[in-house]
Amino acid sequence: MNKNILYLAGGSCLGVILGFFMANAVGRAPLGAKVGNAEAKASANIPAPPLDASQAGGPLPPGHPSTGDNIGPTKAQGGDLVASNATAQAAMDAADRNARDFDAQMSAAATFYQFGSYEKAALYLERALALRPTDVDALTAMGDTKYDMGDFKSAAQAYERALVQQPNNADLHAELGNTYYQRSPPDDERAIAEYRKALAIDASHEKALRNLSIAALRHGDRDTARQASERLAALASESKR
C-alpha cells in the first residue's frame with residue numbers, strides 16, 4: 001500500500017488510515033538485528049532482515065498538542081518539521097477540535113506515524129482507545145507504534161489485547177512473537193511459540209516462517225530453523241510457477 005499523507009475530511013476513513021499501520025506490520029522484518037552469527041545464518045539460508053526504523057520526535061505537551069513547537073525532524077524528511085506540513089497540521093487540528101471523534105484521532109495518529117513521530121502517534125492512539133478500548137485496528141496500530149518506539153513490552157500488551165478480540169489473527173501472533181524476540185533479555189521460546197500459533201492458522205505465513213527460522217537458529221534449534229527455511233524456499237518456488 002502506498003504511504004500517502006492522510007487527511008480525509010468527513011466520513012469513515014479507517015480502512016485507509018489503518019493502511020499505514022498494516023503496511024508497516026506486514027512489511028516489518030525486525031529479526032536479525034540482534035542475530036550476530038553471520039555464518040550460522042548463511043548455513044541456514046536465512047537472510048538477515050533490515051533494521052527497524054528509529055524513533056523520531058519528542059512528546060506532546062499536556063493537553064492539546066502544539067501545531068508548531070516541539071515537533072522533531074524525521075529521517076525520511078531529512079530534517080523537515082512535521083509542523084511545516086499543512087496536511088499534518090490539519091489532521092492534528094481536526095483531532096484536537098473533535099476529541100470524541102474516533103476517526104479524527106486515528107487520522108492524526110496515522111499522520112504522525114508516517115512522519116516517524118511515534119510518541120505523538122501513540123498519544124492520539126491513546127485518545128482513540130479511550131473512545132473504543134477494544135477496537136482491533138487501534139490496538140494493532142498501538143502495538144506497531146510502540147514496537148517502532150522500542151517499547152516491546154507495551155507493544156506486546158497491545159497485540160495481546162487485540163488477540164482477545166481476534167484470537168485467530170495470524171499477523172497479530174507473528175507480531176507478538178517479534179516483541180518477545182526483541183526484548184532484553186529476549187524470550188526466544190515465547191517468540192517461537194507465537195510464530196507456531198501464526199503458522200497453525202496460516203501455514204504459508206511467510207513472515208512467521210522467516211522469523212521462526214531466525215529465532216529458532218538463535219535458540220539453538222537448527223532443525224526447526226532448517227524446516228522453516230525449506231518451507232520458505234518452497235513457497236518462493238511455488239510463487240514463480
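The rules behind each value
- Residues numbered from 1 in each chain as written.
- Predicted model: local features only at pLDDT ≥ 70, side-chain atom pairs only at ≥ 80, totals over all residues.
- Heavy atoms only, no water.
- Helix = DSSP H or I, 4+ residues; strand = E, 2+ residues; numbered from the N terminus.
- Buried < 20%, exposed > 50% of the residue type's maximum accessible area, 1.4 Å probe, protein only.
- Contact = heavy atoms within 4.5 Å.
- Expected span 1.5 Å × (residues − 1).
- pLDDT = per-residue confidence, 0-100.
- Phe/Tyr/Trp six-rings, centres within 6.5 Å; stacked < 30°, edge-to-face > 60°.
- Salt bridge = Lys/Arg side-chain N within 4 Å of Asp/Glu carboxyl O.

## Concerning the overall build of the protein
Here is step 1: Helix and strand counts for the protein stand at eleven helices and zero strands.
Here is step 2: Going from N to C terminus, the protein has its helices and strands arranged as α-α-α-α-α-α-α-α-α-α-α.
Here is step 3: Counting only residues that meet the buried cut, the protein has 49% of its 241 residues in that class.
Here is step 4: In the protein, the proportion of contacts linking residues at least 24 apart, taken out of those at least 6 apart, comes to 58%.

## Here's the deal with unusual backbone geometry
Peptide bonds are trans in most cases, and residues, glycine excluded, mostly fall at negative phi.
Here is step 1: Here the bond from Ser-184 into Pro-185 is cis, since omega is 0°, no more than 30 degrees from zero.
Here is step 2: Looking at where Pro-185 falls in the secondary structure, it is placed in the loop between helix 8 (170–182) and helix 9 (188–201).

## Brief notes about helix 3 (residues 86–97)
Here is step 1: Counted at 1.5 Å a residue, the expected span for helix 3 with its twelve residues is 16 Å, and the 16 Å between its end C-alpha atoms agrees.
Here is step 2: Listing the buried residues of helix 3 in full gives Ala-88, Ala-91, Met-92, Ala-94, Ala-95 and Asp-96.
Here is step 3: Where helix 3 is buried, its residues touch helix 4 (102–114) and helix 5 (118–131).

## Structural notes on the confidence of the model for the protein
Here is step 1: Per-residue confidence for the protein averages 74 on the pLDDT scale, and 65% of its residues sit at or above 70.
Here is step 2: Put simply, helix 2 (residues 38–43) is where the protein has its lowest mean pLDDT, 31, and helix 7 (residues 152–165) is where it has its highest, 98.
Here is step 3: Contacts from residues 22–27, a stretch scored under 50 in pLDDT, to residues over four places away or in other chains number twelve contacts.
Here is step 4: In this model residues 29–80 is a low-confidence stretch, pLDDT under 50, and it forms 110 contacts with partners more than four residues away in sequence or in other chains.

## Thoughts on the packing of aromatic side chains
Here is step 1: Summed over all chains, the structure comprises three aromatic pairs.
Here is step 2: Plain terms: the ring middles of Phe-112 and Tyr-124 are 5.7 Å apart, the flat faces sit at 10° to each other, and that makes the pair stacked. Remark: Tyr-124 occurs in helix 5 and Phe-112 occurs in helix 4; sequence separation between them is twelve residues.
Here is step 3: On the basis of relative accessible area, Tyr-124 is assigned to the buried category, the value being 0%.
Here is step 4: Geometrically, the ring pair formed by Tyr-147 and Phe-152 is edge-to-face, given 5.1 Å between the ring centres and 70° between the ring planes.

## A short note on the pattern of salt bridges
Here is step 1: Scanning the entire structure with this criterion turns up seven salt bridges.
Here is step 2: Close ionic contact of Asp-188 with Arg-218 constitutes a salt bridge, the shortest N to O distance being 2.5 Å. Of this pair, Asp-188 sits in helix 9 while Arg-218 sits in helix 10 (residues 206–219); the two residues are 30 residues apart in sequence, bridging distant segments of the chain.
Here is step 3: Of the residues examined, Asp-188 reaches a relative accessible area of 10% and is grouped as buried.

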